[in-house]
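Here is how the chains run, residue by residue.
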Amino acid sequence: MKRILIAAFAALLAFAAPWPALAADIKVDDAWARPTLGQARNGAAYMTISTTGAADRLVGASAPVAGKTELHNMTMNNNVMQMRPVDAIQVAPGTEVKLQPGGLHVMLLDLKSPLKQGDKFPLTLKFERGGEIQVQVEVRQPRGPAGGHRH
Ligand SMILES: [Cu+2]
């Protein structure tokens, strides 16, 4: 009897697999990347991530346009901005995590072709709990006064 109960419980768990529901809790807004200049082989993707569910962690990403993709943060070190890979980016309920120039970003390495203004490319984000979410990244200049054109 006990064994049957365990099997039934396991089946229930399988059917109630939380992946789709959790993925739906994650919201990714305004995914964009700056156009690459000249022969630059690297780029960065920015976006705003929030969740209406439990806390989660962005643990990886992949994009067909890039040979390799890493999660990075920019930090000041002796007055020099440095990029460092991070293992994960925390997403807590009720707060927006902003990936933006000068801070957290998804680093796109070994680009297979330049990122051109107006283009869009798919980016798959991997969340620890929520699983994979694909977003479309728009290639454009930064918006707003802080990130406007600097000529
Ligand atoms: Cu970077």
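Structure: see above.
The residue numbering used here restarts from 1 in each chain and proceeds along that chain's sequence as written. Per-residue local features of the predicted model are confined to residues with pLDDT of at least 70, and side-chain atom pairs are confined, for both listing and counting, to 80 or more; whole-chain, interface and lining totals are unaffected and use all residues. The side-chain numbers reported here are obtained from all heavy atoms of the structure, hydrogens and water having been left aside.

A. Spotlight on the packing of aromatic side chains. Classification of ring pairs uses Phe, Tyr and Trp, with its six-membered ring standing for Trp, and accepts pairs whose centres are within 6.5 Å; under 30 degrees between planes counts as stacked, over 60 as edge-to-face, and the remaining range as tilted. Taken as a whole, this structure holds 1 aromatic pair when the rule is applied. Ring geometry for tryptophan 32 and tyrosine 46: centres 4.8 Å apart, planes at 40°, overall tilted. Of this pair, tryptophan 32 sits in strand β1 (residues 26-33) while tyrosine 46 sits in strand β2 (residues 43-51); the two residues are 14 residues apart in sequence, bridging distant segments of the chain. Tyrosine 46 matches tryptophan 32 in its accessibility class, with the two residues each being buried. Only DSSP runs of H or I with at least four residues qualify as helices, and only runs of E with at least two residues qualify as strands; both kinds are numbered from the N terminus onward. Summary of the burial criterion: residues with accessible area below 20% of their type's maximum are buried, those above 50% are exposed, and those between are partly exposed, where the area comes from a 1.4 Å probe applied to protein chains only.

B. Just the environment of alanine 33, in detail. Position of alanine 33 among the secondary structure elements: in strand β1. In this structure alanine 33 comes out as buried when scored by relative accessible area, which is 0%. With 104 residues separating them along the chain, alanine 33 and valine 137 place their C-alpha atoms 6.6 Å apart. Should any heavy atoms of two residues lie within 4.5 Å, those residues are considered in contact. Apart from the residues lying within four places of it in its own chain, the contact partners of alanine 33 are Ala44, Ala45, Leu115, Phe121, Val137, Glu138, Val139 and Arg140.

C. The arrangement of the coordination of the copper ion in detail. For Na, K and Ca the donor cutoff is 3.2 Å, while for all other metals N, O and S atoms must lie within 2.8 Å; water is not among the atoms, so some sites may look incomplete. Coordination of the copper ion by the protein is provided by His72 (ND1), Met83 (SD), His105 (NE2) and Met107 (SD), with metal-donor distances spanning 2.1 to 2.2 Å. For the copper ion, the 4 donor atoms in the first shell make angles of 97 to 116° at the metal, so the coordination geometry reads as tetrahedral. Between consecutive donors of the copper ion, the numbers of intervening residues give the motif H-x10-M-x21-H-x1-M. Just as histidine 105 is buried, methionine 107 falls in that class too. By the criteria applied here, four donors are tetrahedral when all angles lie between 85 and 135 degrees, four are square planar and six octahedral when opposite donors are over 155 degrees apart and every other angle lies between 65 and 115, and any other arrangement is irregular.

D. Here's a closer look at the pattern of salt bridges. Salt bridge criterion: a side-chain nitrogen from Lys or Arg within 4 Å of a carboxyl oxygen from Asp or Glu. Here the structure, examined in full by the defined rule, presents 7 salt bridges. In this structure, arginine 140 and aspartate 30 form a salt bridge, with 3.0 Å as the shortest nitrogen-oxygen distance. On the criterion of sequence distance, the pair formed by arginine 140 in the segment after β10 (131-139) and aspartate 30 in strand β1 is long-range, its members being 110 residues apart. In this structure aspartate 30 comes out as partly exposed when scored by relative accessible area, which is 40%. Here glutamate 128 makes a salt bridge to arginine 57, at a shortest N to O gap of 3.1 Å. Remark: arginine 57 occurs in strand β3 (residues 56-62) and glutamate 128 occurs in the loop between β9 (120-127) and β10; sequence separation between them is 71 residues. When salt bridges that share partners are traced, they join Asp30, Glu138, Arg140 and Arg143 into one network.

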